[in-house]
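Topology and contacts: notes
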Amino acid sequence: MERILVPVDGSRPSERAVRHVIRLSASGMALQVILLNVQEEWAPSRSRAEAEEGKRLHAQAANRATRRARALLKAAGIPFDGRMLVGPAAERIVRLARDKRCSHIVMGMRGLGALARMVIGSVSIKVVQLADVPVTLVK
């Protein structure tokens, strides 16, 4: 059974990645899905209450970002484990793939041009560079 990590952010490209995983399952591939949303870090909290509020807001944002992906996987009858992490996206994606011994990462890719990728980088490109497992980029 393949364990596939699918990072999603609520965008159309990440939805296409989920649909790709659904097609893999429909073609007969036995798989386990880990659905991941990575939230950006905020400034350090000044109090415990502020830290708790930050956690609540991150969870709320992750819930919104994964809503469509969760609905698609549920409709397809594919079980999944939902995760939310905070920090640099590419590093968190690759670390979770290692920690959970994923055999593959499937993620959406925005259509950045070569100049934009050089100047601002891309999470998907960083994941390809850092990952120890195959990465499928779905455009």
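The sections below set out a description of the structure shown in this document. (Residues numbered from 1 in each chain as written. Predicted model: local features only at pLDDT ≥ 70, side-chain atom pairs only at ≥ 80, totals over all residues. Heavy atoms only, no water.)

The subject of this paragraph is helix α3 (residues 89-99). Listed in full, the buried residues belonging to α3 are Ala90, Arg92, Ile93, Val94, Leu96 and Ala97. Where α3 is buried, its residues touch β1 (2-7), β2 (31-39), β3 (80-86), β4 (104-108) and α5 (123-130). Trailing α3 by a residue or two, Arg101 shows a phi angle of about 50°, which is positive. (Buried < 20%, exposed > 50% of the residue type's maximum accessible area, 1.4 Å probe, protein only. Helix = DSSP H or I, 4+ residues; strand = E, 2+ residues; numbered from the N terminus. Contact = heavy atoms within 4.5 Å.)

Attention now goes to the side chain of His58. Among the structural elements, His58 can be located in helix α2 (residues 48-75). What His58 contacts, discounting residues up to four positions off in sequence, is Gln39, Glu40, Trp42, Met84 and Val86.

When you tally the buried positions in β4, you get four out of five residues, the bulk of the element. Across two bridges, β1 lies against β4 in parallel orientation. By the bridge assignment for β4, Leu5 is matched with Ile105. Pairing of β4 with strand β5 (residues 135-138) involves four bridges; the strand directions are parallel. Across the sheet, residue Gly108 finds its bridge partner in β5, namely Val138. (Pairing = 2+ DSSP bridges.)

Direction vectors running N to C along helix α1 (residues 12-26) and α2 enclose 15°, while the axes themselves pass 10 Å from each other. Between α1 and α2, the crossing angle belongs to the class labelled roughly parallel. The handedness of the crossing between α1 and α2 is right-handed. Here Glu15, Val18, Arg19 and Ile22 of α1 come into contact with α2, specifically with Arg68, Ala69, Leu72 and Leu73. Taken together, the residues that form the contact of α1 with α2 break down as five nonpolar, no polar and three charged. (Axes fitted to C-alpha atoms, helices over the stretch in contact; angles between N-to-C directions. Parallel < 35°, antiparallel > 145°, perpendicular 65-115°, else oblique. Left-handed = near helix turned anticlockwise from the far one by under 90°. Nonpolar A, V, L, I, M, F, W, Y, C, P; charged D, E, K, R; others polar.)

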